[in-house]
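Listed below, chain by chain, are the residues.
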Amino acid sequence: MFNKIKIMKRGHRKVAKSDADYAYVSPNRSSGSVSTSDVVVNHASRGGAVTNSHQPHHMISAAVPSPTGSIENQPMFRDVAVTERQSLFMRKLQICCFLFDFSDTLKMVREKEIKRQTLVELVDFIQSGSGKITESNQEEMIRMVSVNIFRCLPPASHENYGSENADPEEEDQYVDPSWPHLQLVYELLLRYIVSSDTDTKIAKRYIDHSFVLKLLDLFDSEDPREREYLKTILHRIYGKFMVHRPFIRKAINNIFYRFIYETERFSGIGELLEILGSIINGFALPMKEEHKLFLVRALIPLHKSKPVATYHHQLSYCITQFVEKDYKLADTVIRGLLKYWPVTNCQKEVLFLGELEEVLEATQASAFQRCMVPLFRQIAHCLNSSHFQVAERALFVWNNEHIVSLIAQNRGIILPIIFEALEKNVQSHWNQVVHDLTVNVRKMFMAMDAELFDECKRHYAQKQARTWELEEQRELKWRRLAAVADQGG
């Protein structure tokens, strides 16, 4: 992507040619600092992850770190006195604020390597706990992290013109060319957050709501390595900064709402659901109304999205966690699944049936009885699916002992609902595996209650006889009409 950089002059300073090759966040710490030029970056992308209006203390600027316009190596921490390490830490942070063009691998190779080595040293310094960094250095470190990771993401591959119907799953996996640096910046941020030396009272001044929102925006990155780091970091922030927890949940909610009702495009839905899986697991009982509303308004509607297969495993885990926490929610969840049950997408039906089995595994008899009629009407429909995987998956429900016990307790209602579907499979389903599994299920019902099974069989035979009788009458009427037409001709 072409980034157009417009450099606005301030005062009489002349901008060196090398200034346009990278950007820098000026620390603005001393009155004697060199004046820098403001840089405005304009490029088409999927929404800006960062804007200057949300960065009150600094701006992205171009700067010349030395008379030659190049980045110079700094000594290693072990080579300087302990009293000088904080100032050296600051200088290394300033080096890491330079941003490079990674689309050209031959451009500024030396400077890129210096920055990479500097980032490695910073990560090692934080990880080793060699010294508690000062508050001003913590602020500068978060600024450096912000400059590097908060950026406009390139257009998604499926957003190219003429490919509106492309499937994101089928696209080649995107690899960010700047990852060698980005990974180290993320690692530094992670080590800072998990460090026992990090005081949350100080850190929350810089890792604030604005910072968290920008992190969440980055979950739309197509690079799975970046999303993995973001997932770990956000999870750690949620664990360490209790003050941010309601805000993080609400912000994730908003991403889900936008995804469900507007765009159906967001790369990191699966990673956000993974975080939520752990959060839901820690919900206290009785469950707050806020959490139940989140289940009804966000998690269940996520099933209706076309790309649900990309995050269904994580979604199913979250849903099951709710039911395991509060069994009374099983009725709500099952009715929600039935509401969004796919009509023409067989692969999606297989996913729904698998999730349904997991939910039923955690369902108690009272909740099961409230939803069993619409549930088994849908299962009966699946049993007769011409797609063998759907029919097979529906029959696998009877392999689960807990579900079979629930069915056995309510067989008087359930068997009449599905009996016709079982008989049709035995008589005419094209797939031999489906046929054999259906025979096994019939035998199971016969063993449960032979009298009920015979009664259902009798009703089915009567219904079939009526159907054949009506069909014969219909054929007779058509023959009579045809004969009248022939006579009239």
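Here is a short report on the structure shown in this document. Quick caveat: nothing in here was measured; it's all calculated off a predicted structure. The numbering scheme is per chain: residues are counted from 1 as the chain's sequence reads. Since the coordinates come from a predicted model, pLDDT governs what is reported: local features require at least 70, and pairs of side-chain atoms require 80 or more to be given and counted, while whole-chain, interface and lining totals use all residues. Where side-chain values are given, they derive from all heavy atoms of the structure, hydrogens and water being excluded.

1. Structural notes on the overall build of the chain
The test is simple: Runs of E in the DSSP output that reach at least two residues are strands. Runs of H or I that reach at least four are helices, and both are numbered from the N terminus. To sort residues, take the accessible area from a 1.4 Å probe on protein chains only and compare it with the maximum for the residue type: under 20% means buried, over 50% means exposed, and anything in between is partly exposed. Contact criterion: two residues are considered in contact whenever any of their non-hydrogen atoms come within 4.5 Å of each other.
When helices and strands are counted, the chain shows 19 helices and four strands. A total of 489 residues make up the chain; the buried ones form 47% of that total. Counting contacts in the chain only where the partners sit at least 6 residues apart, residues at least 24 apart contribute 76% of the total.

2. As for the pattern of salt bridges
To be explicit about the condition: The term salt bridge refers to a side-chain nitrogen of Lys or Arg lying within 4 Å of a carboxyl oxygen of Asp or Glu.
Summed over all chains, the structure comprises 22 salt bridges. Across the pair Arg205 and Glu135 runs a salt bridge, and its minimum N-O distance is 2.3 Å. One end of the pair, Arg205, is in the loop between α5 (200–203) and α6 (209–218); the other, Glu135, is in helix α3 (residues 135–149), with 70 residues separating them in the sequence. Here Arg205 falls in the partly exposed class, since its relative accessible area comes to 49%. Of the residues examined, Glu135 reaches a relative accessible area of 34% and is grouped as partly exposed. Residue Arg411 is joined to Asp449 by a salt bridge in which the shortest nitrogen-to-oxygen separation is 3.2 Å. Residue Arg411 is found in helix α17 (residues 411–428), and its partner Asp449 is found in the loop between α18 (432–448) and α19 (450–488); the two are separated by 38 residues along the sequence. You can call Arg411 partly exposed: its relative accessible area is 28%. Among the residues examined, Asp449 registers a relative accessible area of 22% and is labelled partly exposed.

3. Comments concerning the packing of aromatic side chains
Heads up, the condition is: For Phe, Tyr and Trp, where Trp contributes only its six-membered ring, two rings pair if their centres lie within 6.5 Å, and the inter-plane angle classes them as stacked under 30 degrees, edge-to-face over 60, or tilted in between.
A full pass over the atoms with the stated rule returns 17 aromatic pairs. Aromatic side chains Phe77 and Phe89 sit 6.2 Å apart centroid to centroid with 40° between the ring planes, which places their arrangement in the tilted category. Note that Phe77 is positioned in the loop between β4 (60–62) and α1 (85–95) and Phe89 in helix α1, a separation of 12 residues in sequence. Residue Phe77 is classed as buried on the basis of its relative accessible area of 8%. Owing to a relative accessible area of 0%, Phe89 belongs among the buried residues under this scheme. Here the aromatic rings of Trp179 and Tyr229 are separated by 5.9 Å at their centres, their planes lie at 55°, and the arrangement is tilted.

4. Some remarks on the packing of α3 against helix α4 (residues 179–194)
Between two packed helices, the angle of one axis relative to the other and the distance separating the axes together describe the packing. Which entries qualify depends on this criterion: Orientation is described by lines fitted to C-alpha atoms, with helices fitted over the stretch in contact, and by angles between N-to-C directions that extend from 0 to 180 degrees. Each crossing is labelled by how the near helix is turned from the far one, with a counterclockwise turn of less than a right angle marking it left-handed and a clockwise turn marking it right-handed.
Closest axis-to-axis distance for the α3/α4 pair is 10 Å, and the angle between their directions is 145°. Here α3 runs over α4; the crossing is left-handed. In this structure, α3 uses Gln138, Met141, Ile142, Met144, Val145, Asn148 and Ile149 to contact α4, whose residues at the interface are Leu182, Val185, Tyr186, Leu188, Leu189 and Tyr192.

5. Some details on helix α15 (residues 388–395)
With six of eight residues buried, α15 is to be regarded as a mostly interior element. Looking at α15, one finds that the buried residues are Val390, Ala391, Glu392, Arg393, Ala394 and Leu395. Close packing links the buried residues of α15 with α13 (346–361), α14 (365–383) and α18.

6. Description of the environment of Gln94
With respect to the helices and strands, Gln94 occurs in helix α1. We classify Gln94 as partly exposed; its relative accessible area is 24%. Distance in space between the C-alpha atoms of Gln94 and Met144 is 7.5 Å, their sequence separation being 50 residues.

7. So, the nonpolar core
Rule in force here: Take the buried Ala, Val, Leu, Ile, Met, Phe, Trp, Tyr and Cys residues and link them wherever side-chain atoms come within 4.5 Å; each set so joined is a nonpolar core.
By size, the foremost hydrophobic cluster in this structure holds 125 residues, and its most contacted members are Phe256, Leu273, Leu299, Phe376 and Trp398. Look past the residues within four positions of Phe376 in its chain and what remains in contact with it is Phe368, Trp398, Ile407, Ile414, Ile417 and Ile418. Ile95, Phe100, Met108 and Ile114 belong to the second largest nonpolar core, which has seven residues in total.

8. Let's talk about the packing of helix α11 (residues 312–325) against α13
For clarity, the cut-off: Any angle that falls under 35 degrees is termed roughly parallel, while one over 145 is termed roughly antiparallel, one within 65 to 115 roughly perpendicular, and all others oblique.
Two elements in contact, α11 and α13, have axes whose closest approach is 9 Å; the angle formed by their N-to-C orientations is 25°. As the angle between them shows, α11 and α13 are arranged roughly parallel. For the pair α11 and α13, the crossing hand works out as right-handed. Of the residues in α13, those touching α11 at His312, Ser316, Ile319, Thr320 and Val323 are Leu351, Phe352, Glu355, Glu358 and Val359.

9. Describing helix α9 (residues 269–281)
How we decide: Under the convention used throughout, the expected extent of a helix is 1.5 Å for every residue step, that is, one less than its residue count.
For α9, which comprises 13 residues, the first-to-last C-alpha distance of 18 Å matches the rise-based estimate of 18 Å (1.5 Å per residue) to within 8%. Elements that come into contact with the buried residues of α9 comprise α6, α7 (224–240), α8 (245–263), α10 (289–299) and α11.

Everything listed is a geometric property; what it means functionally is a separate question.
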